[in-house]
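Here's the letter readout for the chains.
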Amino acid sequence: MTNAKTDTIVILDFGSQYTQLIARRVREQNIFSLIHPYSISLGEIRKVEPKGIILSGSPCNVYQKNAPIPDPGIFSLGVPILGICYGLQLIGHLFQGTVKNVKKREYGPACLKVDRNEDLFHGLPKEIDCWMSHGDQVIKLGKDFDRIAHTRTSPIAGFRDTKRRIYGVQFHPEVTHTPLGHKIFHNFLYRICRVKREWTPRSFVRESIRSICKQVGTGRVVLGLSGGVDSSVTAALLHRAIGSELTCIFVDNGLLRLGERERVRRTFREHFRMKLRIVDASKEFLKALRGVEDPERKRKIIGRTFVRVFEQEAKKLGRVSFLGQGTLYPDVIESVSFHGGPTQTIKSHHNVGGLPRKMRLKLIEPLRELFKDEVRRIGRTLRLPKEVVDRQPFPGPGLAVRILGSVTKERCDLLRQADWIVIDEMKKAGLYYRLWQSFAVLLPVKSVGVMGDERTYEHVIAIRAVTSQDAMTADWARIPNDVLSRISNRIMNEVHRVNRVCYDISSKPPATIEWE
Ligand code: XMP
């Protein structure tokens, strides 16, 4: 899906760990951005009609054999270019400057002295904090370039060629350690690229609807609705565009949270009046999982069963041409190596259990250019309830990954109740939306307890609550003792056959968020 009506910035990726951050910073200025591998052809770039191009950093250096070099034609497109770190060195190198390896790698915070607080640095003070991470630097500029900033160790930490509108910064304005980085992006976008047509949730929804209608025509779409944020927003967007030509299928696999099926029914069928088929396949899933303890096997069985059930149900709909999916931009970017070819190499990612291959449906993925927080903003624009938009992530294989050992209906029911108590108490304490995740885990052991005068030998529940930005790393949440105490008391009193509750104090790494 392209946003043809909004101004677009192309980011060429040279393999920096910060490339996604650059895209986000641009979008935070309400301007649409797209990441492409540096090797994209000039023709492909032209098709996007970018208002500006940003060259990312890289683990490479410009002198090495096979250094990543873009099509030099980008400098003749007549659009402004900003090089960041390697991007700056690349410009220096290609325009007859001198790039040299410095003996000591400059890494960490630095004080940037702004020589020219005009255009790119308009409105900045004479000195700003910035973040450096480089081993090479430009020590001599080519003709037509002049220096606009330096640091104690980098004689040229920023340059410009105002005629051709080519700019470079050695530091990283995209990281939070450069606190005024957002002003630099703002200047590049609004002063230098002169962008006008802003990208907002409203404009995204408008353009998406137009594009979905064009793509779908008179065809019909089926969507696997899990109740999670991505599939819910996809459903709401598709429904806005094509109404009753969309049918959602919600598969109850018996591994859902308490009341989930009812919540989905209320929100999508009653509130949004969508065509929604609810399939109770819990018996089928639990039968397939019987006696299976290995987590990877559980995942495979659940994935396969989902595809089978979904296919059966979708067949009942008659002629359908499209399968909607809630694929997000990080999945898309991940599958495009910066060494790889142009975007055509992007492979399809599968949410909710995978694409039913035999159905030969065309994919429709209206969120494939969005980051998670942007999906949430779109969800709010589409008036999805907070409970859906801001909910904590829930794994596709559901409670099966939180039941260690074999999965049975009894164990699912037990965990469902304990999990509900955790959610309920976290919400009452105002913590639920501040945590990345908070949930209960059923352990595969029993322990001795005492109730009344009787010895018991019952189940153990672990509580997991973490804070995180992106689930790549996570810290265990410092939940107030009184909240933990309430959760423990309630689980022990309300959930039959549990006599012990533990709190998990491990961070990721070395632990993971889920126990599996
Ligand atoms: P781990 O346990 O690897 O989990 O630290 C990282 C994040 O991923 C979620 N998760 C999944 N989400 N399908 C999903 O949609 C899955 O199969 C799946 N497995 C784990 C997990 O809840 C955490 O947020």
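Preceding block: the structure.
Everything in this summary refers to the structure shown in the same document. (Residues numbered from 1 in each chain as written. Predicted model: local features only at pLDDT ≥ 70, side-chain atom pairs only at ≥ 80, totals over all residues. Heavy atoms only, no water.)

1. A closer look at the site of the ligand
To be explicit about the condition: Near, as used in this document, describes a residue that has one of its heavy atoms within 4 Å of the molecule or strand being considered. Any pair of nitrogen or oxygen atoms within 3.5 Å is treated as a polar contact; in protein, a donor-acceptor pairing is required on top of that, and neighbouring residues in sequence qualify only through side-chain atoms on both sides. All accessible areas in this document rest on Shrake-Rupley with a 1.4 Å probe, and a residue is counted as covered only by the protein chains that are shown. Asp, Glu, Lys and Arg are counted as charged, while Ala, Val, Leu, Ile, Met, Phe, Trp, Tyr, Cys and Pro are counted as nonpolar; the rest, among them Gly, fall into the polar class.
For the ligand, the full set of nearby residues is Arg 299, Pro 395, Gly 396, Pro 397, Trp 436, Gln 437, Ala 471, Lys 508, Thr 512, Ile 513 and Glu 514. Gln 437 places a polar side-chain atom, nitrogen or oxygen, 2.8 Å from an oxygen atom of the ligand. Contact distances for the ligand include 2.7 Å between an oxygen atom and a side-chain N or O atom of Lys 508. Within the complex, 68% of the 500 Å² of free accessible area of the ligand lies under protein. Classifying every residue of the shell around the ligand gives five nonpolar, three polar and three charged.

2. Brief notes about the packing of helix α5 (residues 201–216) against helix α11 (residues 372–381)
In a pair of packed helices, the angle between the axes and the distance between the axes together describe the arrangement. Applicable threshold: To get an axis, fit a line to the C-alpha atoms, keeping to the stretch in contact for a helix; angles then go from 0 to 180 degrees between the N-to-C directions. The way it works is that DSSP assigns letters per residue, a run of H or I at least four long becomes a helix, a run of E at least two long becomes a strand, and they are numbered from the N terminus. Angles below 35 degrees are treated as roughly parallel, those above 145 as roughly antiparallel, those between 65 and 115 as roughly perpendicular, and all remaining angles as oblique. The contact definition used throughout considers only heavy atoms, calling two residues in contact when any of these lie within 4.5 Å.
At a minimum axis distance of 9 Å, the contact between α5 and α11 shows a crossing angle of 80 degrees. As judged from the angle between their axes, α5 and α11 are roughly perpendicular. Two secondary-structure elements touch here, α5 through Pro 201, Arg 202, Phe 204 and Val 205 and α11 through Arg 377, Ile 378 and Thr 381. Here the contact of α5 with α11 is built from residues that sort into four nonpolar, one polar and two charged.

3. Some remarks on the side chain of Ser 321
What counts is decided by this rule: Throughout this description, buried means an accessible area under 20% of the type-specific maximum (1.4 Å probe, protein chains only), exposed means over 50%, and partly exposed covers the range between.
Note on placement: Ser 321 falls in the loop between α9 (295–315) and β13 (322–324). Overall, the relative accessible area of 18% leaves Ser 321 in the buried class. Residues within four places of Ser 321 in sequence aside, it is in contact with Gly 219, Arg 220, Leu 361 and Lys 362.

4. Considerations on the sheet that holds strand β9 (residues 166–169)
How we decide: When DSSP finds at least two bridges between two strands, those strands are taken to pair.
Taken together, the nine strands give an open sheet; going across it, the order is β2-β1-β3-β4-β9-β8-β7-β5-β6, and neighbouring strands pair in mixed fashion. For this open sheet the edge positions go to β2 (32–37) and β6 (127–140), each flanked by a neighbour on one side alone. When strand polarity is set aside, the average angle formed by the axes of neighbouring strands in this sheet is 25 degrees. The pairing of strand β1 (residues 8–13) with β2 spans six bridges and is parallel. Within the sheet, the bridge partner assigned to Leu 12 lies in β2 and is His 36. Its contacts with the sheet place helix α3 (residues 86–94) against β3 (52–55), β4 (81–84), β5 (98–114), β6, β8 (158–161) and β9, and it is angled at close to 115 degrees to β4.

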